[in-house]
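Overview (structure and organization)
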Amino acid sequence: MTEKTAPLFSFGIIADPQYADVAPRPEMGRYYAQSPQKLDAAIEVFNAENLAFVVTLGDVIDHGWENFDTILKCYENLKHRSIMLPGNHDFAVAPEHLAGVHARLQMPSPWYDFAIGRFRFVVLDGSDVSLFAPPHSDPRRELAAQRLSALKEAGAINAQDWNGSFSDAQVKWLAETLDATDAAGENALIFCHYPLYPDNAHNMWDAPQTLALLGAHHSAKTWFCGHNHVGNYGLLGQTHFVNVKGMVDTLDENTFAIADMFEDRIEIRGFGREESRSLLLSASADLHQPTAARR
């Protein structure tokens with residue numbers, strides 16, 4: 001049994017609040033207007049803990065620029081640093097607002113990193129090359145169409161217009177960041193809206209290339225994502241892939257998590273529908289099974 005010791009630090013995790021002031025879609029399990037209440041409840045739990053930050057893994061809104069006002073107001077009650085990254089639905093806004101999404105989420109840039117001790121956190125934008133995020137005149141839209149067409153021709157399961165991919169510039173930056181993290185003897189924890197692994201219809205278009213990049217860097221310990229609302233988990237090489245369940249789903253059941261950081265592992269405490277997990281940073285597959293979810 002793991003010895004009970006205090007973590008080095010902890011952080012909160014939320015995925016896909018996907019708020020909109022619209023009627024629910026029970027056939028999809030989506031209850032958009034309930035998300036502020038769920039988010040308030042999660043923030044109450046977070047505020048009772050000593051957290052370094054809380055990360056929201058994309059899809060703060062379902063659509064509509066005006067809906068940012070309501071859901072972001074909930075975060076004003078959060079006592080901890082808030083880190084947000086964009087999901088596909090965050091770009092479901094009028095064309096004149098597309099260039100302002102990252103700023104609305106208070107991101108210093110579309111991708112960046114920061115460190116706490118020997119842990120480096122990498123924040124990515126998986127909508128970089130997509131059919132919906134770049135401004136309408138941006139050449140990344142044409143590149144996205146080409147990438148999607150090639151995937152459809154190949155019969156790829158993730159050849160979906162609601163997925164995205166990285167630009168060459170972001171891939172170059174990620175490779176350089178992981179090179180530096182390897183050299184510094186740090187552990188990299190990566191945040192992106194989209195999954196990479198296991199194989200799933202929600203995975204990024206360039207999942208195989210990104211998996212190869214992660215596999216070439218021993219510092220790449222975790223990939224935290226949302227997008228696939230039912231959640232998922234996989235271990236490939238030394239990297240844990242944790243797909244957090246979507247908050248917008250179900251009428252009244254919540255889902256969020258707290259990650260407790262230790263030298264050798266990450267203990268994820270799941271709340272509501274989210275599983276609790278123990279992730280070994282040595283990448284052994286022995287101790288990553290989920291435990292009972294906390295209510």
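It should be emphasised that the depicted structure is a prediction, and the values quoted were computed from it without experimental measurement. (Residues numbered from 1 in each chain as written. Predicted model: local features only at pLDDT ≥ 70, side-chain atom pairs only at ≥ 80, totals over all residues. Heavy atoms only, no water.)

**Things to note about helix α6 (residues 207-215)**
- Taken together, the buried positions of α6 are occupied by Ala207, Thr210, Leu211, Leu213 and Leu214. End-on, the buried residues of α6 take up no more than an arc of 160°, which puts them together on one face. α6 presents Pro208, Gln209, Ala212 and Gly215 as exposed residues on the side facing more than 90 degrees away from its buried surface.
- Where α6 is buried, its residues contact α5 (168-184), β6 (187-191), β7 (220-225), β8 (232-236) and β9 (239-243). (Buried < 20%, exposed > 50% of the residue type's maximum accessible area, 1.4 Å probe, protein only. Helix = DSSP H or I, 4+ residues; strand = E, 2+ residues; numbered from the N terminus. Arc of directions from axis to C-beta. Contact = heavy atoms within 4.5 Å.)

**Brief notes about the sheet that holds β7**
- An order of β4-β5-β6-β7-β9-β8 is seen for the 6 strands of this open sheet, with the pairing classed as mixed. Of all strands in the sheet, those with a lone pairing partner are β4 (112-116) and β8, marking the two edges. Strand-to-strand twist of the sheet, defined as the mean angle between neighbouring strand axes without regard to direction, takes the value 15°.
- Alignment of β7 against β9, held across 4 bridges, turns out to be parallel. (Pairing = 2+ DSSP bridges. Axes fitted to C-alpha atoms, helices over the stretch in contact; angles between N-to-C directions.)

**Thoughts on the packing of helix α1 (residues 35-47) against helix α2 (residues 67-74)**
- Two elements in contact, α1 and α2, have axes whose closest approach is 9 Å; the angle formed by their N-to-C orientations is 20°. Overall, the two elements α1 and α2 adopt an arrangement that is roughly parallel. As α1 runs across α2, the sense of the crossing is right-handed. Where α1 approaches α2, its residues Ser35, Pro36, Leu39, Asp40 and Ile43 are matched on the opposing element by Thr70, Ile71 and Cys74.
- Across the contact of α1 with α2, the residue classes tally to 5 nonpolar, 2 polar and 1 charged. (Parallel < 35°, antiparallel > 145°, perpendicular 65-115°, else oblique. Left-handed = near helix turned anticlockwise from the far one by under 90°. Nonpolar A, V, L, I, M, F, W, Y, C, P; charged D, E, K, R; others polar.)

**Some points on the packing of aromatic side chains**
- The full count for this structure, using the stated rule, is 16 aromatic pairs.
- Ring plane angle 70° and centroid distance 6.2 Å describe the contact between phenylalanine 53 and phenylalanine 191, whose orientation is recorded as edge-to-face. Of this pair, phenylalanine 53 sits in strand β2 (residues 53-56) while phenylalanine 191 sits in strand β6, and the two are 138 residues apart along the sequence.
- You can call phenylalanine 53 buried: its relative accessible area is 0%.
- Given a relative accessible area of 0%, phenylalanine 191 falls into the buried group.
- Relative to phenylalanine 68, the ring of tryptophan 65 has its centre 5.3 Å away and its plane inclined at 80°; by these criteria the two rings are edge-to-face.
- A relative accessible area of 22% means that tryptophan 65 is categorised as partly exposed.
- In this arrangement the basic side chain of arginine 265 is found over the ring face of phenylalanine 262, its NZ or CZ atom lying 3.9 Å from the centre. (Phe/Tyr/Trp six-rings, centres within 6.5 Å; stacked < 30°, edge-to-face > 60°. Lys NZ or Arg CZ within 6 Å of the ring centre and 35° of its normal.)

**Focus: the confidence of the model for the protein chain**
- On average, the protein chain scores 95 in pLDDT, and the residues at 70 or more come to 95%.
- Averaged pLDDT values for the elements of the protein chain fall to 97 in strand β12 (residues 277-280) and rise to 99 in β2.
- Scored below 50 in pLDDT, residues 284-295 makes 33 contacts in the model with residues more than four places away or belonging to other chains. (pLDDT = per-residue confidence, 0-100.)

**Quick notes on the pairing of β8**
- Summarising the sheet, β8 and β9 pair through 5 bridges and their orientation is antiparallel. When the sheet's bridge partners are listed, glycine 234 is paired in β9 with phenylalanine 241.
- Hairpin remark: β8 followed by β9, antiparallel, with 2 residues in the connecting loop; positive phi at glycine 237, about 60°.

**Considerations on unusual backbone geometry**
- Between tyrosine 197 and the following residue, proline 198, the backbone shows a cis peptide bond with an omega angle of -5°.
- The topology assignment puts proline 198 in the loop between β6 and α6.
- We note that threonine 250 has phi near 75°; this positive angle belongs to a residue other than glycine.
- Secondary-structure assignment places threonine 250 in the loop between β9 and β10 (255-261).

**Considerations on the pairing of β2**
- Here β2 shows no split at all, with Phe53 and Val55 on one side and Val54 and Thr56 on the other all buried.
- Across 4 bridges, strand β1 (residues 9-14) lies against β2 in parallel orientation. Residue pairing for β2: isoleucine 13 is matched across the bridge by valine 55.
- Assessed by its sense of winding, the connection that carries the chain from β1 through α1 to β2 is right-handed.
- Between the parallel elements β2 and strand β3 (residues 82-84), the chain passes through α2 in a crossover that is right-handed. (Right-handed = clockwise from strand over helix to strand, strands pointing away.)

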